[in-house]
Structure formats: C-alpha cells, structure tokens
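# Architecture at a glance
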Amino acid sequence: MSNIVIRPATPADLDIITEIYADAVVNGTASYELEPPGRAEMGARFATLAAGGFPYLAAEKDGAMLGYAYAGPFRPRPAYRFIVEDSVYVGPDAKGQGVGLKLMRSLIAAVEAAGFRQLVAVIGDGHADSASVRLHEKLGFRHSGRLEGSGYKHGRWLDTVFMQLSLNGGASVPPDQASLPERKFREGELKN
C-alpha cells in the first residue's frame, strides 16, 4: 500500500465519497444515519467544511479513490473553536490495507498545522475491538467517555465512544493568535 497518495479532496471526488459513505450508512454502525444522504447533500456538507478551511482529504491508488477523512467543528459555540472532530471512511474493498491509518496521519498533521488543540473521535458502535477504536488508539488518542445505548441501528443498541488527541500543547498553553480558529474568531466568522 506504499503507493497510496493522500491529497486534498475536491468536488470531483464527491460521487465516490457519496458511495463510500452510503456503504458505511447501509452496512455499518460508524454513522448513526439510517438513510444515506444523496450527492447534493454530501456536496453541501463538503462545501461547508471547505468554506470553513477545514481539512478534507482523499486517499487514492492508481487513480482509484479508496477512502476519505475530514475534520469539522465539534460544536458550534465559539468557545469550542480549538477542538475539531474527525471522520474517516474507507471503501469496502480497501479495508484492512492501512488506508485509514494513512488518512488519519495526514489529517492529524493538517489539523495540527491549522493550530487546533484537540482532535476528537466520536465513534459509533465503539466496542473495544472496533477497527475505529483500535485505529485511534494506535494514533495516540485516549478514551475520554462513553455514551451507553446512545444509538439503535441494525436491530441493536450501540454505544458511542469519545476519544481525544491533544495537539499543539493542548490545554497547557494559551491559544496561538495566528492559528486558524483564532483568526476566524477575530474576523467574526465564529459567533454564538
């Protein structure tokens, strides 16, 4: 898998992104959506994140897209501006090949470069042997909470696991005035 390329996702990737996410919604428990959103909705979500300056990455090999990852706001209130939530989805034929790990390493680097202080994973069906839990543990995320029975999908109750990775000194140092979240706040883009 050494010839996997991680690059910024573009609107041209949205058809494949929509397919990958639809598979995750229909066949998996990582997303608590019950019906897969269509291409227009996925395009709107992509545009919102891109307009906010959040990283949105694609993994490809030999011109075929294998998966994607992005970071977006954890919560809308401005005091949360230094924390982002990650999402990573890998196509069914690319699972178990290290694609998620490569995407997440690149996403962490992009989030850190932007000046965010915390990266949070909100993992649906977050049991201990979940691929997503194991991936985040491998990357240094620590467990920070669990919501038991928080979702019901595929005929069973699911727990949601919260995991967290501190970046750029985390909460031990004051905010960097030059960071993306602080600049956006000062420019008035983040409001109550």
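Residues numbered from 1 in each chain as written. Predicted model: local features only at pLDDT ≥ 70, side-chain atom pairs only at ≥ 80, totals over all residues. Heavy atoms only, no water.

## Examining the overall build of the protein
- The helix and strand tally for the protein stands at five helices and seven strands.
- When the helices and strands of the protein are placed in sequence order, the string is β-α-α-β-β-β-α-β-α-β-β-α.
- Against the compact-globule benchmark of 16 Å for 192 residues, the protein has a radius of gyration of 16 Å, which places it among compact chains.
- In the protein, the share of contacts with a sequence separation of at least 24, taken over all contacts with a separation of at least 6, comes to 65%. (Helix = DSSP H or I, 4+ residues; strand = E, 2+ residues; numbered from the N terminus. Rg over C-alpha atoms; globule rule 2.2 N^0.38 Å. Contact = heavy atoms within 4.5 Å.)

## Points about the sheet that holds strand β6 (residues 142-153)
- Across the sheet, which stays open at both edges, the seven strands sit in the order β1-β2-β3-β4-β5-β7-β6 with mixed pairing between neighbours. The open sheet has two edge strands, β1 (5-8) and β6, and neither has a second partner. Mean inter-strand twist for the sheet, computed between neighbouring axes without regard to direction, equals 25°.
- Relative to strand β2 (residues 56-61), β1 runs antiparallel, the two sharing four bridges. Across the sheet, Pro8 pairs through a bridge with Leu57, a residue of β2.
- Relative to strand β5 (residues 118-124), helix α4 (residues 131-138) is tilted by about 160°, and along the sheet it contacts β4 (83-90), β5, β6 and β7 (156-166). (Pairing = 2+ DSSP bridges. Axes fitted to C-alpha atoms, helices over the stretch in contact; angles between N-to-C directions.)

## Notes on the pairing of β6
- Where β6 and β7 come together, eight bridges link them in antiparallel fashion. Paired with Gly151 across the bridge in β7 is Leu158.
- Turn length for the β6-β7 hairpin, with the two strands adjacent in sequence and antiparallel, is two residues, and the turn residue His154 shows positive phi of about 55°.

## Notes on the confidence of the model for the protein
- For the protein, per-residue confidence averages 94 on the pLDDT scale, and residues scoring 70 or more make up 97% of the total.
- Within the protein, β1 carries the highest mean pLDDT (98), whereas helix α5 (residues 180-186) carries the lowest (90). (pLDDT = per-residue confidence, 0-100.)

## So, the packing of aromatic side chains
- Scanning the model with the defined rule gives nine aromatic pairs in all.
- Summarising the aromatic geometry, the rings of Tyr56 and Tyr68 are spaced 5.9 Å apart at their centres and angled 15° between planes, so their arrangement reads as stacked. Residue Tyr56 is located in strand β2, and its partner Tyr68 is located in strand β3 (residues 64-73); the two are separated by 12 residues in the primary sequence. In terms of burial, Tyr56 and Tyr68 fall into one category: buried.
- Residues Tyr56 and Tyr70 carry aromatic rings whose centres are separated by 4.8 Å and whose planes lie at 20° to one another, so their mutual orientation is stacked. Here Tyr56, found in strand β2, pairs with Tyr70, found in strand β3; they are 14 residues apart in sequence, far enough to count as distant. (Phe/Tyr/Trp six-rings, centres within 6.5 Å; stacked < 30°, edge-to-face > 60°. Buried < 20%, exposed > 50% of the residue type's maximum accessible area, 1.4 Å probe, protein only.)

## As for the pattern of salt bridges
- As enumerated under the stated definition, the model contains eight salt bridges in all.
- Taking the shortest distance from any N to any O, the salt bridge between Asp15 and Arg39 comes out at 3.0 Å. Residue Asp15 is located in helix α1 (residues 14-27), and its partner Arg39 is located in helix α2 (residues 39-51); the two are separated by 24 residues in the primary sequence.
- Of the charged contacts, one joins Asp159 and Arg146 as a salt bridge, the two residues approaching to 3.2 Å between their closest N and O atoms. Here the residue Asp159 occupies a position in strand β7, and Arg146 occupies one in strand β6, the gap between them amounting to 13 residues.
- A relative accessible area of 41% places Arg146 in the partly exposed class. (Salt bridge = Lys/Arg side-chain N within 4 Å of Asp/Glu carboxyl O.)

## A word on the nonpolar core
- Counting residues in each nonpolar core, the largest one holds 47 residues, and the members touching the most others are Tyr68 and Phe141.
- Looking at which element gives the most residues to this core, the answer is helix α3 (residues 99-114), with eight residues.
- What Phe141 contacts, discounting residues up to four positions off in sequence, is Asp86, Met104, Ile108, Leu119, Val120, Ala121, His136, Met163, Gln164 and Leu165. (Core = buried A, V, L, I, M, F, W, Y, C linked by side-chain atoms within 4.5 Å.)

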